[in-house]
Amino acid sequence: MTEPVSGVVVGEDGLARCPWGLSTPDYVAYHDGEWGVPVHGDDALFERVCLEAFQSGLSWITILRRREGFRTAFDGFKIDAVAAFTDEDKARLLADAGIIRNRAKIDAAVANAAAARLVRDTRDGGLDALIWSFAPDPATRPAPRTAADVPATTAESVALAKDLKKRGFRFVGPTTAYALMQACGLVNDHLADCAAR
């Protein structure tokens, strides 16, 4: 691997990527095919909100490697199903070694499902329209040249986090909201010379 001046790293396959995108094979696949690709649909975005919340304080690779376990444990992140989870379901999740067994984050996922259902039922376009309403104009965002050019938060992520919290969502601070925006394609933070850009 070589790192040109632009901040990208060139892998053995000859493709230039964001530096983190070559750190593990799991990251290569995620970086190349998923991170920054627009995600739409209430259930799909609810899944991402939950996974970003579970990631809080951990590395993303920990979540990525357990994602199928999360999907199984949380009924495919169907909002209505998770909103109906009972204390017995929460106890089951706390015993599930295939996910992150953190009581506060599990409680947040169930509460976030109820909040997402309320958004879906009361706002035109549901959770999808709500989250995407915070996407900045791409013309106002120059492509980052190096990892140092990628912010941890933005005015939009602060506003998104504030709006979600007002609606009853938990574990959705500005940094988590920005990670959601990056992962779901609301912003394109692939470096300027990255092949995935």
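Small disclaimer: the values here were computed from a predicted structure and weren't measured. Within each chain, residues carry numbers counting from 1 in the order of the written sequence. Whole-chain, interface and lining totals are the exception, using all residues; otherwise, since this is a predicted model, local features are given only for residues with pLDDT of at least 70 and side-chain atom pairs are given and counted only at 80 or more. Just so you know, side-chain values use all the structure's heavy atoms and leave hydrogens and water out.

Caption draft 1: Up close: the overall build of the protein chain. Working definition: helices are DSSP H or I runs of at least four residues, strands are E runs of at least two. Numbering for both runs from the N terminus. Across its full length, the protein chain carries 10 helices and two strands. Computation of the radius of gyration draws on C-alpha atoms, with the globule rule given as 2.2 Å multiplied by the number of residues to the power 0.38. The C-alpha radius of gyration of the protein chain comes to 17 Å, within 12% of the 16 Å expected for a compact globule of 197 residues. The cut-offs for exposure are 20% and 50% of the maximum accessible area for each residue type, with area from a 1.4 Å probe on protein chains only; residues under the lower value are buried, those over the upper are exposed, and the others partly exposed. Counting every position in the protein chain, which comprises 197 residues, the buried fraction comes to 47%. Residues count as neighbours in contact if any of their non-hydrogen atoms are within 4.5 Å of one another. Considering only residue pairs separated by 6 or more positions, the protein chain has 64% of its internal contacts joining residues 24 or more positions apart. If you sum the accessible surface of the protein chain, you get close to 9,200 Å²; carbon and sulfur atoms cover 53% of it. The positive charge centre, built from 23 side chains, and the negative charge centre, built from 27, are 5 Å apart in the protein chain. All accessible-area figures derive from a Shrake-Rupley calculation using a 1.4 Å probe, and residue coverage is judged against the displayed protein chains alone. Asp and Glu count as negative and Lys and Arg as positive, but His and the ends of the chain are not part of the count. A single reference atom marks each charge: NZ on Lys, CZ on Arg, CG on Asp, CD on Glu.

Caption draft 2: Structural context of empty space enclosed by the protein. Using a 1 Å grid laid over the protein atoms alone, points where a 1.4 Å probe fits but cannot get out form a cavity; open sets with protein on both sides within 12 Å along at least 5 of 7 lines form a pocket; any residue with an atom within 4 Å of a point counts as lining. Grid points are joined across faces, edges and corners, and a volume is the space filled by probe spheres set on the points. Scanning the model with the defined rule gives one cavity of 30 Å³ or more in all. Of the volumes computed, that of the largest cavity is approximately 40 Å³. Lining the largest cavity are Val 49, Glu 52, Leu 164, Val 172, Thr 176, Ala 177 and Leu 180. Residue type decides the class: Asp, Glu, Lys and Arg count as charged, Ala, Val, Leu, Ile, Met, Phe, Trp, Tyr, Cys and Pro as nonpolar, and the leftover types, Gly among them, as polar. The residue makeup of the lining of the largest cavity, split by class, is five nonpolar, one polar and one charged.

Caption draft 3: Local environment of helix H2 (residues 42–55). Between its first and last C-alpha atoms H2 spans 20 Å; for 14 residues at 1.5 Å apiece the expected length is 20 Å, and the two agree. With 12 of 14 residues buried, H2 lies mostly within the body of the structure. What H2 keeps buried is the set Asp 42, Leu 45, Phe 46, Glu 47, Arg 48, Val 49, Cys 50, Leu 51, Glu 52, Ala 53, Phe 54 and Gln 55. Two residues or fewer past H2, Gly 57 is found with a positive phi of approximately 85 degrees. Expected helix span is given by 1.5 Å per residue-to-residue step, counting one fewer step than there are residues.

Caption draft 4: The packing of helix H9 (residues 155–166) against helix H10 (residues 174–183), seen in detail. Direction vectors running N to C along H9 and H10 enclose 110 degrees, while the axes themselves pass 8 Å from each other. Our classification of the angle between H9 and H10 gives roughly perpendicular. Contacts from Glu 156, Ser 157, Val 158, Leu 160 and Ala 161 of H9 reach H10 at Pro 174, Ala 177, Tyr 178, Leu 180 and Met 181. Looking at the contact of H9 with H10, its residues break down into eight nonpolar, one polar and one charged. An axis is simply a line fitted to the C-alpha atoms; with a helix, the fit covers only the stretch in contact. Between two such axes, the angle follows the N-to-C directions and lies from 0 to 180 degrees. Any angle that falls under 35 degrees is termed roughly parallel, while one over 145 is termed roughly antiparallel, one within 65 to 115 roughly perpendicular, and all others oblique.

Caption draft 5: Structural detail: unusual backbone geometry. In this structure, Asp 75 is a non-glycine residue whose phi angle is positive, near 50 degrees. Tracing the sequence through the fold places Asp 75 in the loop between helix H4 (67–73) and helix H5 (79–83). Using a relative accessible area of 35% as the deciding quantity, one classes Asp 75 as partly exposed. Not every positive phi belongs to a glycine, and Phe 171 is a case in point at roughly 55 degrees. If you trace the backbone, Phe 171 turns up in the loop between H9 and H10. Residue class for Phe 171 comes out partly exposed when judged on its relative accessible area of 32%.

Caption draft 6: Highlighting the nonpolar core. As used here, the term nonpolar core means buried Ala, Val, Leu, Ile, Met, Phe, Trp, Tyr and Cys residues forming a set that is joined through side-chain atoms within 4.5 Å. Ranked by internal contacts, the top residues of the largest apolar core, which has 50 residues, are Phe 46, Phe 70, Phe 74, Leu 127 and Phe 169. When residues of this core are assigned to their parent elements, the largest contribution, seven residues, is made by helix H7 (residues 103–122). Contacts of Phe 169, omitting those with residues within four sequence positions, involve Val 49, Asn 112, Ala 115, Ala 116, Val 119, Leu 127 and Leu 164. Counting residues in each nonpolar core, the second largest holds five residues, with Val 8, Ala 16, Cys 18 and Cys 194 among its members.

Caption draft 7: Fine view of the side chain of Arg 48. With respect to the element layout, Arg 48 can be found in helix H2. Given the relative accessible area of 8%, Arg 48 is considered buried. Each residue touching Arg 48, except ones within four places of it in the same chain, is listed here: Glu 34, Val 39, Leu 180, Ala 183 and Cys 184.

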